[in-house]
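Chain residues, written in single-letter form:
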Amino acid sequence: MNEAEQKIIDTVNRLEDEMIDFAMRLVAEPSTLGNEAGVITVMTNELNRLGFSTSLVPLANDALKNHPGFAPVPWSLEGRYNVVGTLAPGDDGGRSALFNGHLDVVNAGKAEFWSHDPFSPVVSDNWLYGRGAGDMKSGVSAMTYAAYAIQLAGFRLCAPLTIEAVIEEECSGNGALSCLAAGYDAEAILIPEPFGPTILTDQVGVLWFKVVLCGEPAHVLRAPSGINAIEKCYPLIAALRQLEMHMNTTDVPEAYAGIEHPLNLNIGTVTGGDWPSTVPAEVEFHGRLSFFPGTGYAQVRRQIEETIQRAAGEDEWLRHNPPSVKFYGFRSEGHSISRNLPALALLDDCHRSLTGKTAASYVAKCTTDLRAFHWFGKGQSTCYGPVAENIHGTN
């Protein structure tokens, strides 16, 4: 590294305690779906303190709802915001950059399953523990302080730099999309998701759906005369598993050819019945299914609908009382990008200057907010971030 680069690195190192403290303050906010106001306040205050110009971008706006990438959801968007911080250039001749990270987290589950309270972050054996520590509040802290370090080290930017902290990454992608719809974009976008110091080249598509079906209630003493709606889910889920198996072995892209079981179906919630001694009359289950880059959302949606229809047709009750299938949240198509793109090549040069090695490529079996920038933005985008374990799990 040259003298200027070393000065920036030294500044970053001096900021380590502040970065960790900021990450812990973010983790301490239980920013699950609909509960993001606290963490948005912490993020906004920190950006203001560090000299950024800040703006709140609401989810509830016509530009988002009319956007082709908008994902309809059954919950309210009102009163919920993303926050964007910008640093104006002091010179010209550069390329604009945007760092994006999400502040929403999934539910932590039962606290007693954790070694520490999930929203009381602790550092132990050089690991930061807490819900969202890896996914992805450490990355948000790092990207914020990386931008701050450039100015603190005495350098001026030659193009605008944007820090974008969004919500709804874990369920719809509407947070990043609303910022794009509001005009926040750049020529290069980096998302520090917790896949380690690798360059993401491929990610799958993801959709969410729910299946609702009815039975016929009866007292348990007459259980055979009723139709147990919960038990009627069994053949439908089994059929979806067959679809998952088929999709994993059909038209597999080269990037995913060496990966075991790259596509995953998850039945995430089941709700049904209201009394142990009553045959349940209604049930719904919600699922997530991924699909390869190059496969369209509409195609996979149709496959799910046809799979449920065929399975229902093989059951006398369901044939006459067909289940309904509805789609909400994620409707995100996958994509692949080249390592030869200038922004990715520059990132690899930075990695090599720090490690002496070329960065490995990362082929993701999940989705990230890259989808918004790839399909609807103007820039080149990838993920490169911290190392995390047990994301969406305990500890």
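Before reading on, note that the structure itself is shown above.
Residues numbered from 1 in each chain as written. Predicted model: local features only at pLDDT ≥ 70, side-chain atom pairs only at ≥ 80, totals over all residues. Heavy atoms only, no water.

Caption draft 1: Local environment of the sheet that holds strand E13 (residues 335-336). Here we have 3 strands laid out as an open sheet, ordered E13-E8-E14, and mixed in their pairing. Each having just a single partner strand, E13 and strand E14 (361-364) make up the two edges of the open sheet. Strand direction decides the pairing type here: strand E8 (residues 199-203) and E14, joined by 4 bridges, are parallel. Opposite Gln-203, over in E14, you have Ala-364 as the bridge partner. (Pairing = 2+ DSSP bridges. Helix = DSSP H or I, 4+ residues; strand = E, 2+ residues; numbered from the N terminus.)

Caption draft 2: Fine view of the sheet that holds strand E15 (residues 380-383). Taking strand neighbours across the sheet as the criterion, the 6 strands line up as E1-E2-E6-E3-E7-E15 in an open arrangement whose pairing is mixed. What marks the edges here is a single partner per strand, and that holds for strand E1 (53-58) and E15. Each neighbouring strand pair of the sheet contributes to a mean axis angle of 20°, computed without reference to strand direction. Pairing between strand E3 (residues 97-102) and strand E7 (residues 188-191): 3 bridges, direction parallel. Across the sheet, Ala-97 pairs through a bridge with Ala-188, a residue of E7. Relative to the sheet, helix H6 (residues 174-181) contacts E1, strand E2 (81-87), E3 and strand E6 (161-166), its axis offset from that of E6 by approximately 140°. (Axes fitted to C-alpha atoms, helices over the stretch in contact; angles between N-to-C directions. Contact = heavy atoms within 4.5 Å.)

Caption draft 3: Structural context of the packing of helix H3 (residues 37-49) against helix H5 (residues 133-152). Following both chains from N to C, one finds H3 and H5 inclined at 15°, their axes separated by 11 Å at the closest point. One finds that H3 runs roughly parallel with respect to H5. Here H3 runs over H5; the crossing is right-handed. Facing Val-39, Met-43, Glu-46, Leu-47 and Arg-49 of H3, the residues of H5 in contact are Lys-137, Val-140, Thr-144 and Tyr-145. Classifying every residue of the contact of H3 with H5 by side-chain character gives 5 nonpolar, 1 polar and 3 charged. (Parallel < 35°, antiparallel > 145°, perpendicular 65-115°, else oblique. Left-handed = near helix turned anticlockwise from the far one by under 90°. Nonpolar A, V, L, I, M, F, W, Y, C, P; charged D, E, K, R; others polar.)

Caption draft 4: How the structure looks around helix H7 (residues 233-248). Its 16 residues give H7 an end-to-end C-alpha distance of 23 Å, which sits within 8% of 22 Å, the value for a rise of 1.5 Å per residue. Of all the positions in H7, only Cys-233, Leu-236, Ala-239, Leu-240, Leu-243, Glu-244, Met-247 and Asn-248 are classed as buried. In this structure, the buried side of H7 is in contact with strand E9 (205-214), strand E10 (265-272), strand E11 (282-291), helix H8 (297-313) and helix H9 (316-320). (Expected span 1.5 Å × (residues − 1). Buried < 20%, exposed > 50% of the residue type's maximum accessible area, 1.4 Å probe, protein only.)

Caption draft 5: The packing of helix H2 (residues 16-27) against H3, seen in detail. At their nearest, the axes of H2 and H3 sit 9 Å apart, and the two run at 155° to each other. As judged from the angle between their axes, H2 and H3 are roughly antiparallel. Every residue of H3 that contacts H2 at Glu-18, Phe-22, Arg-25 and Leu-26 is listed here: Val-39, Val-42, Met-43, Glu-46 and Arg-49. In the contact of H2 with H3, the residues fall into 5 nonpolar, no polar and 4 charged.

Caption draft 6: The arrangement of the packing of aromatic side chains in detail. The tally for this structure, following the rule as stated, stands at 8 aromatic pairs. A ring pair is formed by Trp-208 and Tyr-328, whose centres lie 5.7 Å apart and whose planes are at 65°; its orientation type is edge-to-face. Here Trp-208 is found in strand E9, whereas its partner Tyr-328 is found in strand E12 (residues 324-332), with 120 residues between them in sequence. Ring centres of Phe-209 and Phe-327 lie 6.4 Å apart, and the angle between their planes is 50°; this geometry places the pair in the tilted category. On the criterion of sequence distance, the pair formed by Phe-209 in strand E9 and Phe-327 in strand E12 is long-range, its members being 118 residues apart. Three or more aromatic residues joined by ring pairs form one cluster here, namely Trp-75, Trp-208, Tyr-328 and Phe-330. (Phe/Tyr/Trp six-rings, centres within 6.5 Å; stacked < 30°, edge-to-face > 60°.)

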